Amino acid sequence: MRALIQRVSEASVTVEGKVTGEIGAGLLILICAMHGDTQAQADQLAAKISKLRIFKDEAGKMNRSVLETGGSALVVSQFTLAADTRRGNRPGFSTAAAPAEGERLYEYFAGQLSRLGLEIAKGQFGADMKVRLLNDGPVTVWIDTEQV
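Residues numbered from 1 in each chain as written. Predicted model: local features only at pLDDT ≥ 70, side-chain atom pairs only at ≥ 80, totals over all residues. Heavy atoms only, no water.

Moving on: the environment of Leu133. On the secondary structure map, Leu133 appears in strand 8 (residues 129–144). Accessibility expressed as a relative area gives 33% for Leu133, which makes it partly exposed. For Leu133 and Glu22, which are 111 residues apart along the polypeptide, the C-alpha to C-alpha distance reads 9.5 Å. Beyond its immediate sequence surroundings of up to four residues, Leu133 is in contact with Gln6, Val8, Glu10, Ala11 and Leu28. (Helix = DSSP H or I, 4+ residues; strand = E, 2+ residues; numbered from the N terminus. Buried < 20%, exposed > 50% of the residue type's maximum accessible area, 1.4 Å probe, protein only. Contact = heavy atoms within 4.5 Å.)

Quick look at the structure:
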């Protein structure tokens with residue numbers, strides 16, 4: 001799985017003019033299930049993200065996790081994180097999981113974050129979404145389960 005994580009002051013996602021998820025301070029997590037990904041990888045990724053120390057402590061150092069700050073997470077599916085840009089100018093997405101498997105792992109990942117103690121909001125899998133965010137820092141981190 002691949003995730004692009006942004007520390008935000010606030011974030012929301014809208015589908016067809018209706019807000020489907022919004023948070024205050026916390027993490028916007030854009031997530032992509034790749035072909036062959038498993039629930040065990042989703043478990044590892046959720047655990048890593050929930051403990052990732054990218055929030056400031058009293059001394060202004062990035063030394064606290066979203067769990068420690070009481071922040072929330074907005075989880076948004078984004079198959080384009082699987083983009084292969086090695087050839088030509090049109091990205092290929094064949095390494096992304098099939099839609100049914102991608103949705104299953106997306107829902108499972110969001111559930112794991114909730115079970116770990118995070119308050120979560122979500123986008124809508126497969127929908128044309130409008131994501132609004134106020135990046136805090138900016139702090140943006142890329143994680144691939146091959147790195148976890």
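So much for the structure itself; the text now carries on.
For the rest of this paragraph, the subject is the environment of Leu113. Counting through the fold element by element, Leu113 comes out in helix 3 (residues 99–115). Once the C-alpha coordinates of Leu113 and Leu67 are considered, the two residues, 46 residues apart in sequence, prove to be 10 Å apart.

Attention now goes to the nonpolar core. Formed by 27 residues in total, the largest nonpolar core has its most connected members in Ile5, Ile29, Ile49 and Phe109. Listed by contribution, the elements that provide at least two residues to this core are strand 1 (2–15), strand 3 (26–32), helix 1 (39–51), strand 6 (72–77), helix 3 and strand 8. The greatest single-element share of this core, amounting to six residues, is contributed by helix 3. The contact partners of Ile49, leaving out residues within four places of it in the chain, are Ala3, Ile5, Leu27, Ile29, Val66, Phe109 and Ile143. Core analysis: the next-biggest nonpolar cluster, separate from the first, contains 16 residues, Val13, Val15, Ile23 and Ala96 among them. (Core = buried A, V, L, I, M, F, W, Y, C linked by side-chain atoms within 4.5 Å.)

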